[in-house]
Amino acid sequence: NFVSESEIQTATAGQTVFTLTTMEYQPGTNNLLVFVDGVNQYEGNSYSFVETNSTTVTFDSGLHVGALVKFTTDGSPIYFN
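Please read these numbers as outputs of a predicted model, since none were measured by experiment. (Residues numbered from 1 in each chain as written. Predicted model: local features only at pLDDT ≥ 70, side-chain atom pairs only at ≥ 80, totals over all residues. Heavy atoms only, no water.)

Even after reading the chapter, I still don't get the environment of asparagine 40, so can you show me in this structure?
One can find asparagine 40 in strand 4 (residues 39-41). Exposure remark for asparagine 40: the relative accessible area of 32% places this residue in the partly exposed category. On a C-alpha basis, the gap between asparagine 40 and phenylalanine 71 in space is 10.0 Å, while along the polypeptide they are 31 residues apart. Residues within four places of asparagine 40 in sequence aside, it is in contact with Val34, Phe35 and Asn45. (Helix = DSSP H or I, 4+ residues; strand = E, 2+ residues; numbered from the N terminus. Buried < 20%, exposed > 50% of the residue type's maximum accessible area, 1.4 Å probe, protein only. Contact = heavy atoms within 4.5 Å.)

Set out below in structure tokens:
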């Protein structure tokens, strides 16, 4: 079992850089899913992005004002005794 975390942010006009404030993400360790207005984003999609570091996600192009951006990741495994 894994702990999932998510965070939703609202974009400003042309915003490309988002700073995660309520969750932690480790590039190369955790999976990061990014949705813009409910549409899953991935390489080659409308809003391609780069996982800049553990708290920053940078889009290749600016988002429209009011876009809802949801970041979801799986965290550390939970072990039950």
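I would appreciate a short explanation of the packing of aromatic side chains in the present structure.
In this description, an aromatic ring pair is defined by two values, namely the gap between the centres and the angle between the planes. Evaluation of the coordinates by the stated rule reveals four aromatic pairs. Look at tyrosine 47 and phenylalanine 59: their rings are 6.4 Å apart centre to centre, the planes differ by 90°, and that puts the pair in the edge-to-face class. On the criterion of sequence distance, the pair formed by tyrosine 47 in the loop between strand 4 and strand 5 (49-53) and phenylalanine 59 in strand 6 (residues 56-59) is long-range, its members being 12 residues apart. Each of the two residues, tyrosine 47 as well as phenylalanine 59, counts as buried. On the basis of an interplanar angle of 55° and a centroid distance of 6.0 Å, the ring pair of phenylalanine 49 and phenylalanine 59 is categorised as tilted. One end of the pair, phenylalanine 49, is in strand 5; the other, phenylalanine 59, is in strand 6, with 10 residues separating them in the sequence. (Phe/Tyr/Trp six-rings, centres within 6.5 Å; stacked < 30°, edge-to-face > 60°.)

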